[in-house]
Number of protein chains: 6
Amino acid sequence: MPFGLSKRSGLTKLAGSKSTHRLATYEEEIAPMGHKPLSRFPVPRLSELPEDIRAQILAVQERTGFVPNVFLVLAHRPEEFRAFMAHHEALMEKDSGLTKAEREMIVVTTSAVNNCAYCVIAHGAILRLRSKQPLLADQLAINYRHADITTRQRTMLDFAVKVCRDAANLDEDDFAPLRAQGFSNEDIWDIGALAAFFALSNRMASLTGMWPNEEFYTLGRTPGSGQKKAPGPQTRTAKKATRRPKSAPQ
Amino acid sequence: MPFGLSKRSGLTKLAGSKSTHRLATYEEEIAPMGHKPLSRFPVPRLSELPEDIRAQILAVQERTGFVPNVFLVLAHRPEEFRAFMAHHEALMEKDSGLTKAEREMIVVTTSAVNNCAYCVIAHGAILRLRSKQPLLADQLAINYRHADITTRQRTMLDFAVKVCRDAANLDEDDFAPLRAQGFSNEDIWDIGALAAFFALSNRMASLTGMWPNEEFYTLGRTPGSGQKKAPGPQTRTAKKATRRPKSAPQ
Amino acid sequence: MPFGLSKRSGLTKLAGSKSTHRLATYEEEIAPMGHKPLSRFPVPRLSELPEDIRAQILAVQERTGFVPNVFLVLAHRPEEFRAFMAHHEALMEKDSGLTKAEREMIVVTTSAVNNCAYCVIAHGAILRLRSKQPLLADQLAINYRHADITTRQRTMLDFAVKVCRDAANLDEDDFAPLRAQGFSNEDIWDIGALAAFFALSNRMASLTGMWPNEEFYTLGRTPGSGQKKAPGPQTRTAKKATRRPKSAPQ
Amino acid sequence: MPFGLSKRSGLTKLAGSKSTHRLATYEEEIAPMGHKPLSRFPVPRLSELPEDIRAQILAVQERTGFVPNVFLVLAHRPEEFRAFMAHHEALMEKDSGLTKAEREMIVVTTSAVNNCAYCVIAHGAILRLRSKQPLLADQLAINYRHADITTRQRTMLDFAVKVCRDAANLDEDDFAPLRAQGFSNEDIWDIGALAAFFALSNRMASLTGMWPNEEFYTLGRTPGSGQKKAPGPQTRTAKKATRRPKSAPQ
Amino acid sequence: MPFGLSKRSGLTKLAGSKSTHRLATYEEEIAPMGHKPLSRFPVPRLSELPEDIRAQILAVQERTGFVPNVFLVLAHRPEEFRAFMAHHEALMEKDSGLTKAEREMIVVTTSAVNNCAYCVIAHGAILRLRSKQPLLADQLAINYRHADITTRQRTMLDFAVKVCRDAANLDEDDFAPLRAQGFSNEDIWDIGALAAFFALSNRMASLTGMWPNEEFYTLGRTPGSGQKKAPGPQTRTAKKATRRPKSAPQ
Amino acid sequence: MPFGLSKRSGLTKLAGSKSTHRLATYEEEIAPMGHKPLSRFPVPRLSELPEDIRAQILAVQERTGFVPNVFLVLAHRPEEFRAFMAHHEALMEKDSGLTKAEREMIVVTTSAVNNCAYCVIAHGAILRLRSKQPLLADQLAINYRHADITTRQRTMLDFAVKVCRDAANLDEDDFAPLRAQGFSNEDIWDIGALAAFFALSNRMASLTGMWPNEEFYTLGRTPGSGQKKAPGPQTRTAKKATRRPKSAPQ
């Protein structure tokens, strides 16, 4: 289970969208998808939430134009919500030897192994935005072994999938190919820790039965999509792409 | 492995496209995707093909605007090609108690179970065109159990997945829910035979290493796509995204 | 699901057998085995069939002395029947770098992995006739890894079983051993395409619940069985290979 | 791994067969099958064996006409041999609510689940002899769920396969169907204990790499086989192999 | 991967233990177990850690008498450490419809399914302390289906194991038995969220290769263990149960 | 399913223990554990047993201080009991290239793979006594790949687990590492035969539903345990249970 809305994400606010509209959106999202509710558990109203969580959600909406459902669903448990979001931030947003696109590749691939619709579709969108490769997320979602990726990326994903599926059998033979591809110790921790975190996320999505926002399905599929302007080279323009109020806590 | 290009498919030719251009397209398609060739086996030139197969391929290109890669790859073996295409036609195009969209649901779902990128992406496109539900294919590709489908469709797909994965254990307990949902004997044959045929197709795609045409990734994702008139206000940007000629047959 | 009855099969017509007897056989076959009917779906009478299919079935009966059940069961859908039989013929009967016995080894082995009684027993009979190794089919049916075969054959079957079971994970490491054993590109296509075709066949057999003709269980088990004299080179003497006494009960 | 040669087995000694011939047979059996030796471990000569084991083997040969390979291979460890044979005798030969044919059905079915060629082929022969159903063993060897058996037998085999494959998950839900079919507590112990014993046997066969005697492949396949009158010339030793005294209980 | 050392845990501080001794313990723990280091990644020295984490670790040591290895290993990444510990605290320490012993049962059982030695052994110790049932942890670690637990607990663990192993297939049939046993919505979230959190924890333990402190193996096994005085009849003296004599060697 | 009580086991009789007390123990053991009976099948009274079995059980009790439940449960079938115990003795007690502790390592590891509580807990105790490594059994029970063992032991256990889980795929590649570690042919037979025997034992334990004696959980966990001096008050019977004569070989 993921969310694609941190400070530097590509999901920037729509020019001219009204914030009054956004609150409405929040409550509307709780309405069921077809015959299914958004969660098997209660979804809190904005007014019921602790102040810090409400502010965090409004900031996301401001930036992104909508509130990813994972925020609505996990807010049911504020303490767990805070730990979850802090953990996610620590793994996805910090500086790392892995690019943000590579980290999203790990999320999409392992979430697909776990058949988690929320995470594959939401993070698939973010991967398209971050990688500028509109086909990659769909390829990883079906079979990363046949995706159009480099040998280095394949090695990274093989390891992530091993952690996802069969961590108990990890041994030195699994680490050697990563080192041969130049991944540092810190990179390897990142790969493994992302696979481990989404082992948790995928299960929370399945437990609650959350489903992805409709917006995620199409974001980033076409050259201009999801952005006010075409960004420049992937990570360099990140700072402006996702303007956020200074005070926004994550 | 699939193809979405029979006479009555939704992949109609683009108004004004040049047929001279199309031959060029055929040969160009043989070029590798990134670092991967289109097939592990030789891909014949149009001029080398038996007349009936060449005509069939040109007709597809005329209707669709491009030649789905499965035609190029399987044409290596003309006799097998003819049997394969006749079998596909018999299952996908004839009158049936199943709608064409339902048949594509079976293809996408079982091909996803088999992690077959070609079939999921190509038939995902056709499913979007035929069902007018732009989100459905992605949901089925990740986890049909959590897709926004009816109980009847879920029953149909449970049976198809059983045939796909574990046909040797089929017994009367698998047929009863189908009958309870009103599927006839002929419908049940269709469901099972489609799952069986794509067991073959998926394996041929994996054997040859074919990958889907880029066009399939985006077809039918927005309201106007694959349709004569813009549908209702499904998403914001849909209307312009998929302009198609009025005359397009489905 | 298989059938062993093509023109050049080892199941040749009995000298002097009466065709009047054979028609009776056709209808009789539709009677249930013990408490189980021949198919979960309607089995057409000979008189109801399209002329080309009726002729094909009578020819098989003429050559073989009985009609393999797969003909009776699949004839329910004439178009699918024609495509299926043409596909089978294209793979099993054409010239190939694989001997016909090797092709039957692939069929028996992958059908056993799929626990398909019809295909293992029917093609097991044909394998005995074609290989002149009366023990081989039973060995392959239980565990091909422990069968009395050559390293080259083991490599061929390892690949076929990978296609059967886990085609989505095929990669270059699976092709290298085949090349090291001298298999050509065309041979490799044949091995993979046979495994793919029987992925379909096995599932049709399971879907319909067809069971093998009793004749298949014993064909080719004893030195004299199915043959007047020891044949020379495998396929050339097929015509005489299966003469049976007039009185032969079925 | 099994053997079909206990005192009351259907493989009774041929009147008039020469014991001098039999000793020769014993030593000859140690010769490799094709390129494979009879065992990965030393196979003792008759003269090296403890007296009780030698006598037991000669008695088997006397009764059966040949020495099943399991005797030759396991005799390498006399103490384990004695315990193994006593255990087998206790389960297969004593009075029981299960017929001997039913017990052989359990052996063939679970050994097939374990892909054990020795046990499936050797006990398949015994099952043919004991059940007088020449097709049953082959059906069970491929897929017992599709064999021509009664509901009661299906229930028995479902339980045996559960013990074979997934004993750790046995619970009351597995026992209830047995009781509903009229199996007593003692019958249930027999079913489970047979599956457990062949879990051991199958693994010993795999460990040693033993293969079945050629005689087992054809025993009991034809109407006369296993009966008083010698069948036609099935195999070299067949004539002597299948005669049985009138009084032989089954 | 777990730790059993939060403020309210049963692992309370030794009366009079010296904090000078504790620092030594911290550094000593980094020494390898036999031939294996404590982590595949760097383990920080206490003096290198951020003040809040150092204080947290010293407090644990003060209470427990030793520092569980999970603290040492995860401190390598302070931000992830804080989120992980906050998440753990939120799930394990708050008020809940589940007792703390029940929560530990979930941890031990799902960690055993994941073959995670650290979590099974560390939380096994805590379970013994909290449940006062010295045999329960070992039973759950091997096969919770055969443990001496109530039907309600079995239902709870069945659900937890489903989340652990196969969350993508969760459906209403999995929730119904929980409701039938009286678990509330909040209880169900707790069960699922614990299984999800330990999906993460177990993978971090495998990734880093951490192993459990020796102390965990024996804690809570005997009536007097973890206590200053021997309690009376096992379950009666729970309150005092974890005080330990100064001299207690581990 | 195991028992740790043969003549030369580490569970030797306590000097001066009273046999009158022991008989009482025998009958008491038949009482249920919590809500579960000792076996799904009848457990014979001592007075009903054949003389040799009664003597064997009394001798065990004399040596060990209690009667392991496997004796009580399997005595229901005297002939099978005798064969089982003789087989166990042949494998566990004879001279071998493997130490007794190594043999117990195989038992604990493969029984854990089979999730067999009786065998893991009973043989875990014996392993602690024989190896003098109080942590080893718990490590093997959870994940032998992460246990603190030598490369040679890891190789031994890899092979044992292959026999346990997937014997049908054993091939020369599985034997080579054993030979490289210096295991002789006889050692390899021992490793494989132990895994095979406990495939039987584990299934009998699951079939009968037997559970381990409480004594096994704690035996050998503390330094003095299993040694000449009585440990602290571990369990009611502990004092007598663990004293051993100096000369006791391990």
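Whatever comes next refers back to the structure up there.
This is a predicted model, so every value here is computed, not measured.

Cut-offs and rules
Residues numbered from 1 in each chain as written. Chains lettered and ligands numbered in written order. Predicted model: local features only at pLDDT ≥ 70, side-chain atom pairs only at ≥ 80, totals over all residues. Heavy atoms only, no water. Helix = DSSP H or I, 4+ residues; strand = E, 2+ residues; numbered from the N terminus. Contact = heavy atoms within 4.5 Å. Areas by Shrake-Rupley, 256 points an atom, 1.4 Å probe, with all protein chains shown as cover. Phe/Tyr/Trp six-rings, centres within 6.5 Å; stacked < 30°, edge-to-face > 60°. Buried < 20%, exposed > 50% of the residue type's maximum accessible area, 1.4 Å probe, protein only. Salt bridge = Lys/Arg side-chain N within 4 Å of Asp/Glu carboxyl O. Buried area = accessible area lost by both parts, 1.4 Å probe. Polar contact = N/O pair within 3.5 Å; in protein donor to acceptor, adjacent residues only side chain to side chain. Least-squares fit on C-alpha atoms with pLDDT ≥ 70 in both. Axes fitted to C-alpha atoms, helices over the stretch in contact; angles between N-to-C directions. Parallel < 35°, antiparallel > 145°, perpendicular 65-115°, else oblique. Left-handed = near helix turned anticlockwise from the far one by under 90°. Nonpolar A, V, L, I, M, F, W, Y, C, P; charged D, E, K, R; others polar. Lys, Arg positive; Asp, Glu negative; His and termini not counted.

*Asks:* What is the right way to read the overall build of chain A from this model?
*Replies:* When helices and strands are tallied, chain A shows twelve helices and zero strands. Scanning chain A from its N terminus toward the C terminus, one meets helices and strands in the order α-α-α-α-α-α-α-α-α-α-α-α. Long-range contacts, defined as pairs at least 24 residues apart, comprise 74% of the intrachain contacts of chain A with a sequence gap of at least 6. Approximately 8900 Å² of chain A is accessible, and the part contributed by carbon and sulfur atoms is 54%.

*Asks:* Whenever I open this one, the packing of aromatic side chains confuses me. Can you help?
*Replies:* Geometrically, a pair of aromatic rings is defined through the distance of the ring centres and the angle of the planes. Residue and element names in this part refer to chain C. In the structure shown here, the tally under the stated rule is 42 aromatic pairs over all chains. Ring centres of tyrosine 118 and phenylalanine 216 lie 6.3 Å apart, and the angle between their planes is 80°; this geometry places the pair in the edge-to-face category. Of this pair, tyrosine 118 sits in helix 6 (residues 117-131) while phenylalanine 216 sits in helix 11 (residues 215-218), and the two are 98 residues apart along the sequence. Here the two residues tyrosine 118 and phenylalanine 216 agree in accessibility, since each one is buried.

*Asks:* Mind showing me how you'd approach the pattern of salt bridges here?
*Replies:* Close approach of charged atoms lets side chains of opposite charge pair. The tally for this structure, following the rule as stated, stands at 84 salt bridges over all chains. Between A:Asp138 and A:Arg221 there is a salt bridge; the shortest N-O distance is 2.9 Å. Remark: A:Arg221 occurs in the loop between helix 11 (214-218) and helix 12 (238-241) and A:Asp138 occurs in helix 7 (residues 136-143); sequence separation between them is 83 residues. Assessed through its relative accessible area of 12%, A:Asp138 is described here as buried. Here C:Arg154 makes a salt bridge to C:Asp158, at a shortest N to O gap of 3.0 Å. Here the residue C:Arg154 and the residue C:Asp158 both occupy positions in helix 8 (residues 151-166), the gap between them amounting to four residues, near one helical turn. Among the charged side chains, a salt-bridge network with shared partners connects A:Arg77, A:Glu80, E:Lys94, E:Glu186 and E:Asp190.

*Asks:* Quick question: what am I supposed to make of the interface of chain B and chain C here?
*Replies:* Accessible area lost during the coming together of the parts is what is often quoted as the interface size. Counting residues at the interface gives 43 residues for chain B and 43 residues for chain C. Carbon and sulfur atoms make up 64% of the area that chain B and chain C hide from each other, which totals about 3700 Å². C:Arg40 is the partner of B:Glu172 in a salt bridge, and the nearest nitrogen-oxygen pair spans 2.8 Å. Between the two partners, chain B and chain C, sit 15 residue pairs in polar contact (both at pLDDT 80 or more). When residues of the side of chain B that touches chain C are traced back to their parent elements, those giving at least two are helix 3 (69-74), helix 4 (78-92), helix 8 (151-166), helix 9 (172-180) and helix 10 (185-208) of chain B. Sorting elements by how many residues they give to the side of chain B that touches chain C places helix 10 of chain B first, with 16 residues.

*Asks:* Can you walk me through the environment of E:Phe216 in this structure?
*Replies:* Taking relative accessible area as the criterion, E:Phe216 reaches 0% and is therefore assigned buried. Sequence-wise, E:Phe216 and E:Glu48 are 168 residues apart; in three dimensions their C-alpha atoms are separated by 27 Å.

*Asks:* Explanation requested: the interface of chain A and chain E in the structure shown.
*Replies:* Each partner contributes residues to the interface: chain A has 43 residues there, and chain E has 43 residues. Roughly 3700 Å² is buried in total at the junction of chain A and chain E, and carbon and sulfur atoms are behind 65% of that figure. Counting every contact that joins chain A to chain E gives 15 residue pairs in polar contact (both at pLDDT 80 or more). Listed by contribution, the elements that provide at least two residues to the side of chain A that touches chain E are helix 3 (69-74), helix 4 (78-92), helix 8 (151-166), helix 9 (172-180) and helix 10 (185-208) of chain A.

*Asks:* Got a minute to help me understand the relation of the copies chain A and chain E in this structure?
*Replies:* Two copies of one chain are present, and they are related through a rotation about an axis combined with an axial shift. When chain A is fitted to chain E, the best match, at an RMSD of 0.0 Å, comes from turning it 180° and sliding it 0.0 Å along the axis. Such a combination of rotation and displacement between the chain copies is what one expects of a two-fold axis. Most of the interface of chain A is mirrored in chain E, where 100% of its interface residues are also at the interface.

*Asks:* Can you help me understand the relation of the copies chain B and chain C in this one?
*Replies:* Its rotation angle being 180°, the transformation that places chain B on chain C also includes 0.0 Å of axial translation and leaves an RMSD of 0.0 Å. Of the residues that chain B buries at the interface, 100% are likewise interface residues in chain C, meaning the two copies contact each other through the same surface.

*Asks:* Would you explain unusual backbone geometry in this entry?
*Replies:* Comment: phi is negative for the bulk of residues other than glycine, and the bulk of peptide bonds are trans. Residues and elements named next belong to chain B. Notably, asparagine 115 is not glycine yet its phi reads approximately 50°, a positive angle. Tracing the backbone through its elements, the reader meets asparagine 115 in the loop between helix 5 (100-113) and helix 6 (117-131). Residue classification places asparagine 115 among the partly exposed positions, given a relative accessible area of 32%.

*Asks:* Got a minute to help me understand the packing of helix 9 (residues 172-180) of chain E against helix 10 (residues 185-208) of chain E in this structure?
*Replies:* Residue and element names in this part refer to chain E. Remark: helix 9 packs on helix 10, axes separated minimally by 10 Å, with the N-to-C direction vectors making an angle of 125°. Comparing their axes, helix 10 and helix 9 come out oblique. Judged by the sense of rotation from one axis to the other, the crossing of helix 9 with helix 10 is right-handed. Contact residues: helix 9 offers Phe175, Leu178 and Arg179, while helix 10 offers Asn185, Ile188 and Ile191. Of the residues in the contact of helix 9 with helix 10, the class split is four nonpolar, one polar and one charged.

*Asks:* Explanation requested: the side chain of C:Asn202 in the structure shown.
*Replies:* Mapped onto the fold, C:Asn202 is located in helix 10 (residues 185-208). Here C:Ser111 takes part through its side chain, which lies 3.0 Å from a polar atom of the side chain of C:Asn202.

*Asks:* Looking at this model, I keep getting lost on the environment of D:Asp190. Mind explaining?
*Replies:* Following the sequence through the fold, D:Asp190 ends up in helix 10 (residues 185-208). Overall, the relative accessible area of 3% leaves D:Asp190 in the buried class. Taking the C-alpha atoms as reference, D:Asp190 lies 7.8 Å from D:Ser96; in sequence the two are 94 residues apart. What D:Asp190 contacts, discounting residues up to four positions off in sequence, is D:Lys94, D:Ser96, D:Gly97, D:Leu98 and F:Arg77.

*Asks:* Can you help me understand the side chain of A:Arg203 in this one?
*Replies:* Mapped onto the elements of the fold, A:Arg203 is located in helix 10. As a buried residue without a salt bridge, A:Arg203 has its nearest oppositely charged side chain in E:Asp166, at a separation of 8.5 Å. Aside from chain neighbours lying at most four places away, what touches A:Arg203 is A:Asn114, E:Val163, E:Cys164, E:Ala167, E:Ala196, E:Ala199 and E:Arg203.

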